[in-house]
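Examining the three-dimensional arrangement
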Amino acid sequence: MLRLTDLPRPEPGPGDVRVRLSARPINPSDLLFVQGAYGRAARFTSRPDGGAADDGWAVPGFEGAGTVDALGDGTTGLVPGTPVTVSTTGTWQDYVCVPGTSVIPVPRGVSIEVACQLTVNPFTAHLLVHDIALGPGDTLLLTAGASAVSRMVIHLANEQGIRCLPVVRHREQARLLSGPGTQPLMADRAEALTEAVRQIAEHGRVGAVLDAVGGSLGAAALRCLRPEGRFISYGMLSGHPVPVHPDDLVFRQVSMSGFWLPARMERLSGPEMASLTRQVQEAVVRGLPGLEVAERRDLTDFRSALEHTMRPGRNGKVLLKG
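Residues numbered from 1 in each chain as written. Predicted model: local features only at pLDDT ≥ 70, side-chain atom pairs only at ≥ 80, totals over all residues. Heavy atoms only, no water.

1. Some points on the packing of aromatic side chains
All told, the structure shown has three aromatic pairs when counted by the stated rule. Ring geometry for Tyr 38 versus Phe 62: centroids 4.9 Å apart, planes at 35°, classification tilted. Of this pair, Tyr 38 sits in the loop between α1 (28-34) and β2 (63-71) while Phe 62 sits in the loop between α1 and β2, placing them 24 residues apart in sequence. Relative accessible area serves as the criterion here: at 11%, Phe 62 is assigned to the buried category. Seen from their ring centres, Tyr 38 and Trp 260 are 5.6 Å apart, and the 75° between their planes marks the pair as edge-to-face. Taken together, the residues span a long stretch of sequence, with Tyr 38 in the loop between α1 and β2 and Trp 260 in the loop between β11 (255-258) and α9 (261-266) at a distance of 222 residues. Given the relative accessible area of 18%, Tyr 38 is considered buried. (Phe/Tyr/Trp six-rings, centres within 6.5 Å; stacked < 30°, edge-to-face > 60°. Helix = DSSP H or I, 4+ residues; strand = E, 2+ residues; numbered from the N terminus. Buried < 20%, exposed > 50% of the residue type's maximum accessible area, 1.4 Å probe, protein only.)

2. A few points about the pairing of strand β13 (residues 317-321)
The buried count for β13 comes to four of five residues, which makes it a mostly enclosed element. Direction of pairing for strand β1 (residues 16-25) relative to β13: antiparallel, over a ladder of three bridges. Among the inter-strand pairings, Arg 24 is bridged to a residue of β13, identified as Leu 320. Pairing geometry for strand β12 (residues 293-298) and β13, over five bridges, is parallel. Note that in β13 the partner of Asp 298 across the bridge is Lys 321. Taken together, β12, helix α11 (residues 302-309) and β13 form a β-α-β motif whose crossover is right-handed. (Pairing = 2+ DSSP bridges. Right-handed = clockwise from strand over helix to strand, strands pointing away.)

3. Some points on the packing of helix α3 (residues 121-132) against helix α4 (residues 148-159)
Contact geometry of α3 with α4 gives a least axis separation of 9 Å together with a crossing angle of 45°. Here α3 lies oblique to α4, going by the angle between them. Of the two possible hands of crossing, α3 and α4 adopt the one that is right-handed. Contact residues: α3 offers Asn 121, Pro 122, Thr 124, Ala 125, His 126, Leu 128 and Val 129, while α4 offers Ala 148, Val 149, Met 152, Val 153, Leu 156 and Ala 157. Residue classes in the contact of α3 with α4 are distributed as 10 nonpolar, three polar and no charged. (Axes fitted to C-alpha atoms, helices over the stretch in contact; angles between N-to-C directions. Parallel < 35°, antiparallel > 145°, perpendicular 65-115°, else oblique. Left-handed = near helix turned anticlockwise from the far one by under 90°. Contact = heavy atoms within 4.5 Å. Nonpolar A, V, L, I, M, F, W, Y, C, P; charged D, E, K, R; others polar.)

4. Looking at the packing of α3 against helix α10 (residues 270-286)
The interhelical angle for the contact between α3 and α10, taken along N-to-C directions, is 110°, at an axis separation of 10 Å. Looking at the two axes, α3 sits roughly perpendicular to α10. Pair α3 / α10 crosses with right-handed handedness. Note on element contacts: α10 touches α3 through Met 273, Leu 276, Thr 277, Gln 279, Val 280 and Ala 283, opposite Pro 122, Phe 123, His 126 and Leu 127. A class-by-class count of the residues in the contact of α3 with α10 yields seven nonpolar, three polar and no charged.

5. Overview of the environment of Leu 306
Tracing the backbone shows Leu 306 in helix α11. Under the relative-accessibility criterion, Leu 306 is labelled buried at 12%. Taking the C-alpha atoms as reference points, Leu 306 and Arg 264, 42 residues apart in sequence, are found 27 Å from one another. Setting aside residues no more than four positions away along its own chain, Leu 306 makes contact with Leu 2, Ile 26, Leu 31 and Trp 92.

6. Considering the environment of Ser 22
For Ser 22, the position within the fold is in strand β1. On a C-alpha basis, the gap between Ser 22 and Val 250 in space is 51 Å, while along the polypeptide they are 228 residues apart. Each residue touching Ser 22, except ones within four places of it in the same chain, is listed here: Ala 65, Gly 66, Ile 112, Leu 320, Lys 321 and Gly 322.

7. Quick notes on the sheet that holds strand β6 (residues 139-142)
Taken together, the six strands give an open sheet; going across it, the order is β8-β7-β6-β9-β10-β11, and neighbouring strands pair in parallel fashion. Single-partner strands in this sheet number two, and they are β8 (185-186) and β11. In this fold α3 packs onto β6, β9 (206-211) and β10 (225-233), with an angle of close to 155° to the strand it touches most, β10.

The structure is reproduced here in structure tokens:
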């Protein structure tokens, strides 16, 4: 159960920085966390008033942006008032304390509303484009084709000469995705997807699939892969599994893998992480799509914000402000 409560202001430890947050997006991963279906269980903290252990609290939210509020002993390179973005568990609150090395200064000219979305979807999109390992002239199929991550992936993939086929359900979504290197596919049923790909893609097959839906649509996308194609699952919007036939894995040599941003980033070396961060910052400054804002709600109005987030047809993020 979500509820609003007062917590003690955290104090930064050695090497830490306290950030006063002013904006946080509501992402699908946040909803999974609230529902108890995320890959990491919530770590409940005992109530500060000494209440029962089973009546503790955990704060949702995985990213946000604000300003540096205080520095712990030994923290260097930052000054109070610096606009920063953070990636940590518990951003749906006023203050967070994080290691000084983990905050990212907001690039010049980037608003806090954009900066608060910097650490999840843009990093996901860059890593997905890397992991599909496609080259110029190859074709990529994306379910949830109008989502923020898909729009970012399409932009980055098109820059590399990769043709993108985003799957959408509404013509309004298709119009948002039109452009060189991109051909939206209208498919409200799984059967319609395989037929659409057969008519468009070379030999009726694609080189890779990025699936955020699962279920029957994910299974249909899997059937669209060419031999030795790659299927990456990074979401579960339908709530249903993707059925897999051994024939696909054995005879067609299709590879399937899951993508989870925290685990993927743990495999990056220090230089790789620094390079990826620079790429993301530069892409955001250049105008990476998928960072639009649909609604703004005060942090105290989280119930209304969650209701709006779960409505279909929304274009842009719902932000929790204040």
